[in-house]
Amino acid sequence: MTTTMILGGASGVGFEVARQFGAHDQGIIVVARDAAKVKAAVQALQQDGVTASGYACDVDDYLAVQDLFQKVTRKTPDLTTLIYNVGNKHLDNALSSDLATIQASFKTNVLSGIYAARLFLTQTATRGPRAILFTGGGASVRPSNKASILSLTKAAQRSYVATLHEELAPKDVFVGLVTIQGIIDSSPEMQAAKVATAYWTLYQQRDQGEIFYPEHVGGSEFDRSNG
């Protein structure tokens, strides 16, 4: 059995991804800021027969993230997959957010993902085939003025993941992006459990660096969600 660590795995899509991977005999490590939610998620997974553990950690606190990876890699020698499912979903238009707000969004959506991926790569360097998956958004390819900074940061994330995929492919590390083109729980198709299947498909197939869920949409999810 190998183990997957999910940053942002205590609720929503992240939790359903944990259930999806756990159902395929993966050990699961749930990480989120809220310790109570982490505990509840781990208990739910264990009740499903999944080997699961959890840690409370804020991905924007880099000292805490460094400590997290040191603890996890020391205790879990079979950690081979990292999923970055943390996002700042602040909504604004192109002029409404101050620079501090933009910086905070960029840190969570881009820089903290880069930092986590690099720690994972460094501290699991001797473990053979590995994988890193990121959660992206439709705003990265269809920007909306209803989500200006989210569009900006998700586009930056998407660019980085594409280049990381290219860089690591020859080194037996698969890097992939699940681009979610809709609002979670806004329709039967967008139920978190259904979205989570895209992560397992990308992880298993490894024949492309990005998968879109749903595959075909018209326009920005923010425009569609408002009729």
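Here is what the cut-offs are and how they apply
Residues numbered from 1 in each chain as written. Predicted model: local features only at pLDDT ≥ 70, side-chain atom pairs only at ≥ 80, totals over all residues. Heavy atoms only, no water. Phe/Tyr/Trp six-rings, centres within 6.5 Å; stacked < 30°, edge-to-face > 60°. Helix = DSSP H or I, 4+ residues; strand = E, 2+ residues; numbered from the N terminus. Buried < 20%, exposed > 50% of the residue type's maximum accessible area, 1.4 Å probe, protein only. Lys NZ or Arg CZ within 6 Å of the ring centre and 35° of its normal. Expected span 1.5 Å × (residues − 1). Pairing = 2+ DSSP bridges. Axes fitted to C-alpha atoms, helices over the stretch in contact; angles between N-to-C directions. Contact = heavy atoms within 4.5 Å. Polar contact = N/O pair within 3.5 Å; in protein donor to acceptor, adjacent residues only side chain to side chain. Core = buried A, V, L, I, M, F, W, Y, C linked by side-chain atoms within 4.5 Å.

A. Up close: the packing of aromatic side chains. Tallied over the entire structure, the rule returns 5 aromatic pairs. Both rings, one in Phe21 and one in Trp200, keep their centres 4.8 Å apart while their planes meet at 90°; by these two values the pair is edge-to-face. Here the residue Phe21 occupies a position in helix α1 (residues 12-23), and Trp200 occupies one in helix α6 (residues 192-205), the gap between them amounting to 179 residues. Aromatic side chains Trp200 and Tyr203 sit 5.2 Å apart centroid to centroid with 35° between the ring planes, which places their arrangement in the tilted category. You can see Trp200 and its partner Tyr203 sitting in helix α6, 3 residues apart, about one turn around the helix. For the residue pair Trp200 and Tyr203, the accessibility class agrees, reading buried in each case. Over the ring of Tyr62 we find Lys107, and its NZ or CZ is 4.9 Å from the ring centre.

B. Quick look at α6. For α6, which comprises 14 residues, the first-to-last C-alpha distance of 21 Å matches the rise-based estimate of 20 Å (1.5 Å per residue) to within 8%. Within the sequence span of α6, burial applies to Ala192, Val195, Ala196, Ala198, Tyr199, Trp200, Leu202 and Tyr203. Just downstream of α6, Arg206 is the residue with a positive phi angle, here 50°.

C. Here's a closer look at the sheet that holds strand β6 (residues 173-180). Spatial strand order, β3-β2-β1-β4-β5-β6-β7: 7 strands in an open sheet with parallel pairing. What marks the edges here is a single partner per strand, and that holds for β3 (52-56) and β7 (210-213). For this sheet, the mean angle separating the axes of adjacent strands, direction not counted, is 15°. Inspection of the sheet shows β6 paired to β7 by 4 bridges, in the parallel sense. Paired with Val178 across the bridge in β7 is Ile211. Its contacts with the sheet place helix α2 (residues 35-47) against β2 (27-32) and β3, and it is angled at close to 175° to β3.

D. How the structure looks around unusual backbone geometry. Here Tyr213 and Pro214 are connected by a cis peptide whose omega angle stands at -15°. Tracing the chain through its elements places Pro214 in the loop between β7 and α7 (221-224). The backbone phi angle of Asp25 is positive, close to 65°, even though this residue is not glycine. Locating Asp25 in the fold gives a position in the loop between α1 and β2. Judged by relative accessible area, which is 60%, Asp25 ranks as exposed. Backbone geometry at Asp185 places phi at a positive 70°, although glycine is not the residue there. With respect to the secondary-structure elements, Asp185 resides in the loop between β6 and α6.

E. Layout of the environment of Asp92. With respect to the element layout, Asp92 can be found in the loop between β4 (79-84) and α4 (99-123). Discounting chain neighbours no more than four positions away, the residues touching Asp92 are Ser97, Asn145, Lys146, Ala147, Ser148 and Ile149. Separated by 2.5 Å, the side chains of Asp92 and Ser97 make a polar contact.

F. Quick look at the nonpolar core. Membership of the largest hydrophobic core comes to 33 residues, with the highest contact counts inside it found for Val17, Phe21, Ile28, Val30, Leu45, Leu133 and Tyr199. Of all the elements in the fold, those that place two or more residues in this core are α1, β2, α2, β5 (130-137), β6, α6 and β7. In terms of residues, this core owes the most to one element, α6, which gives 8 residues. If near-sequence neighbours (up to four positions away) are discounted, Leu133 is found in contact with Phe21, Leu82, Ile83, Tyr84, Phe174, Gly176, Tyr199, Leu202 and Tyr203.

G. Spatial organisation of the environment of Tyr203. Classification of Tyr203 as buried rests on a relative accessible area of 8%. Sequence separation between Tyr203 and Phe174 is 29 residues; the distance between their C-alpha atoms is 8.2 Å. Here the side chain of Tyr203 touches Gln26 through a polar contact of 3.1 Å, side chain to side chain.

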